[in-house]
Structures are given as C-alpha cells and as structure tokens.
Amino acid sequence: MAKTIDIDEYKCNGCGLCVDACHEGALELVKGKAKLVRPNFCDGMGDCLPACPQGAISFVETGSANILPNLVTNIVFPGGTGPEMMTAPEVQWPIQLGLVSCRSEFLKGDLVIGADCTAFKIDNFQTKFVKDKPLIIGCPKLDPKDRFDKLVEMFRENPIYSLRIVRMEVPCCSQLTRMVKEAVQISGKDIEIKETVIRKDGRIIGGGIS
C-alpha cells in the first residue's frame, strides 16, 4: 500500500509550517488547522513531518485509519504445540533524521542512532541493535548539518536516557559520534552514550552490543 499522512487536529496549532513544506500542495489551513485537502497529491515522502513543531503529523497506509501500534500475528514456533499469539513492538515511522519530528512520541528511553551504511553491512541489524528501541538514521557526510542540529532539541525535549551510536570505521563516519556528543552537551541533559564501530567487512570492532 502507498503511504499518506494523518494530521492530529488536537495537536495542530495552525502554524502553517507544514503547508509551506509541502511541495505538492496537498495541505491547506482550514479553520485554523492543517488539513490534507488533496490526498491524491500527497507523495508520501513526508517533507511536512519535520516541519511540524507539534509532532501532529504521522504516516499511515492509504485506506487505513491509523498505524496499528500493536500488530498481533500468528507465529508457529519450531517444536511447539501449535500457533501462539505474539505482539509485535510499536511501529515507528519515519526513521530518517530529516523526517523525524523533534516531538515524536517514540523518542523515549534508549535511542539508537545509526549511520546509513551500517544496516547494509551487518546481518540482522534490527535484531542485533534495535529490537524495540526507537531508531534514527543519518549520514554526517551527506546530510546537511542543520539536520543534526535538531538533535539538541530532541534530547532536550524528550525522556531519552541512553544513546547507542552505530557507525562505520571510516573517518567521515566518526563525525556522527562527535555531533551526537556535542548535541547532548548543548542540550544540558545527562544521557549515557555508547558507540559501536563496524568494519567495512561487516565485523564489529568497537563497542559491542549491550
């Protein structure tokens, strides 16, 4: 299914920043609230998400009322007596730093910040590092610096207690750790920082897995 956006009118303060950020002209202010007035124009790319200071915008699948936070599925375990019910972790979207709102509700607890390339060099990246933790990905070389500047507000405004940085061994990727540490310092928060370094061949050479 294609993605579109959903706007929580109770969180929306009518600032209009999302309307300005939408290059497709899918949004308008209606009676002081942002509305998706042209759903067929929405490309699901989410330029409006990081523009919203209230965290009022989220992705949904086309035709669904909301993203199901607790998806129940039937899973048959090898050697078991039959299917058992298992609850999947809360769905988080988006994960790219440029699209994540500083006030997203999933920004809490233990946050994983991964360099873009790492997930393509490690088998089972999700299982090894993320599991049910919130995740943000970015590239210190390709992403504009102002995208990383927003980390200060993320750390300051949300109950984040620890950070796991997962980066490549290449020199440019070490800047990810530096920028995250600077953002924590500027935020004034006491947040534990752990670093995992990945070799170009996919081996873990530093930090390990907590």
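Since this is a predicted model, take the numbers as computed values, not measurements.

Rules and cut-offs
- Residues numbered from 1 in each chain as written.
- Predicted model: local features only at pLDDT ≥ 70, side-chain atom pairs only at ≥ 80, totals over all residues.
- Heavy atoms only, no water.
- Helix = DSSP H or I, 4+ residues; strand = E, 2+ residues; numbered from the N terminus.
- Buried < 20%, exposed > 50% of the residue type's maximum accessible area, 1.4 Å probe, protein only.
- Contact = heavy atoms within 4.5 Å.
- Areas by Shrake-Rupley, 256 points an atom, 1.4 Å probe, with all protein chains shown as cover.
- Phe/Tyr/Trp six-rings, centres within 6.5 Å; stacked < 30°, edge-to-face > 60°.
- Polar contact = N/O pair within 3.5 Å; in protein donor to acceptor, adjacent residues only side chain to side chain.
- Disulfide = S-S within 2.5 Å.
- Axes fitted to C-alpha atoms, helices over the stretch in contact; angles between N-to-C directions.
- Parallel < 35°, antiparallel > 145°, perpendicular 65-115°, else oblique.
- Left-handed = near helix turned anticlockwise from the far one by under 90°.
- Nonpolar A, V, L, I, M, F, W, Y, C, P; charged D, E, K, R; others polar.
- Pairing = 2+ DSSP bridges.

Student: Would you take a moment to explain the overall build of the protein chain for this structure?
Tutor: Check the secondary structure of the protein chain and you find six helices and 11 strands. Across the 210 residues in the protein chain, those meeting the buried criterion constitute 39%. Put simply, of all contacts in the protein chain between residues at least 6 apart along the chain, 63% involve residues at least 24 apart. Carbon and sulfur atoms make up 54% of the accessible area of the protein chain, which amounts to about 12,100 Å² in all.

Student: Can you walk me through the packing of aromatic side chains in this structure?
Tutor: A full pass over the atoms with the stated rule returns two aromatic pairs. Geometrically, the ring pair formed by Phe59 and Trp93 is tilted, given 6.3 Å between the ring centres and 50° between the ring planes. In this pair, Phe59 sits in strand S4 (residues 57–61) while Trp93 sits in the loop between strand S6 (83–87) and strand S7 (109–115), placing the two residues 34 residues apart along the sequence. Overall, the relative accessible area of 2% leaves Phe59 in the buried class. Ring geometry for Phe125 versus Phe129: centroids 5.3 Å apart, planes at 45°, classification tilted. Note that Phe125 and Phe129 are positioned in helix H4 (residues 125–130) at a spacing of four residues, about one turn of the helix. Of the two residues, Phe125 and Phe129, neither departs from the other in class, the shared state being buried.

Student: Would you mind going over the side chain of Arg167 with me for this structure?
Tutor: Inspection of the secondary structure assignment puts Arg167 in strand S9 (residues 160–168). Taking relative accessible area as the criterion, Arg167 reaches 11% and is therefore assigned buried. Within the local environment of Arg167, its side chain forms a polar contact with the side chain of Glu195, the two groups lying 2.8 Å apart. Apart from the residues lying within four places of it in its own chain, the contact partners of Arg167 are Ala115, Thr118, Cys173, Ser174, Leu176, Thr177, Glu195, Thr196, Val197 and Ile198.

Student: Please explain the state of the cysteines as it appears in this structure.
Tutor: Note on terminology: disulfide describes a covalent bond linking the sulfur atoms of two cysteines. Taken as a whole and assessed by the stated rule, the structure comprises zero disulfides. With no disulfide of its own, Cys48 lies closest to Cys22 among cysteine sulfurs, the gap being 6.3 Å.

Student: What's the story with the environment of Arg156 in this structure? I'm lost.
Tutor: Checked against the element boundaries, Arg156 lands in helix H5 (residues 145–157). Classification of Arg156 by relative accessible area gives partly exposed; the value is 42%. Through-space distance from the C-alpha of Arg156 to that of Val184 is 8.1 Å; in sequence the pair is 28 residues apart. Among residues more than four places away in sequence, those in contact with Arg156 are Ile186, Ser187 and Lys189.

Student: What is the right way to look at the side chain of Asn158 in this model?
Tutor: Residue placement: Asn158 occurs in the loop between H5 and S9. Engagement of the side chain of Asn158 in a polar contact is seen with the backbone oxygen of Cys102, the distance being 2.8 Å. Residues contacting Asn158, with those up to four places away along its chain left out, are Cys102, Arg103, Ser104, Leu107, Glu153 and Lys189.

Student: Can you help me understand unusual backbone geometry in this one?
Tutor: The general pattern is negative phi for most residues beyond glycine and trans for most peptide bonds. Along the chain, Trp93 connects to Pro94 via a cis peptide bond; the corresponding omega equals 5°. Counting through the fold element by element, Pro94 comes out in the loop between S6 and S7. Of note in the backbone geometry, Asn124 takes a positive phi value of approximately 55° without being a glycine. Mapped onto the elements of the fold, Asn124 is located in the loop between helix H3 (118–121) and H4. Accessibility expressed as a relative area gives 55% for Asn124, which makes it exposed.

Student: Got a minute to help me understand the packing of H5 against helix H6 (residues 171–187) in this structure?
Tutor: Relative orientation and spacing of two packed helices are given, respectively, by the angle between their axes and the distance between those axes. Across the interface, H5 lies against H6 with an axial gap of 8 Å and an inter-helix angle of 45°. With respect to their mutual orientation, H5 and H6 come out oblique. Crossing angle aside, the handedness with which H5 passes H6 is right-handed. Residues Phe148, Leu151, Val152, Phe155 and Arg156 of H5 form the contact with H6, whose own contacting residues are Leu176, Met179, Val180, Ala183, Val184, Ile186 and Ser187. Of the residues in the contact of H5 with H6, the class split is 10 nonpolar, one polar and one charged.

Student: Where do I start with the sheet that holds strand S8 (residues 135–138) in this structure?
Tutor: Pairing between sheet strands relies on hydrogen bonds along the backbone, with the strands arranged either parallel or antiparallel. Read from one edge to the other, the open sheet built from five strands follows the order S8-S7-S9-S10-S11, with strand pairing classed as mixed. The open sheet has two edge strands with one neighbour each: S8 and strand S11 (204–206). Strand-to-strand twist across the sheet, computed as the mean angle between neighbouring axes with direction ignored, equals 25°. Lying over the sheet, H5 contacts S7, S8 and S9, oriented at roughly 155° with respect to S9. Packed on one face of the sheet, H6 meets S7, S9 and strand S10 (192–198) and runs near 165° to S9.

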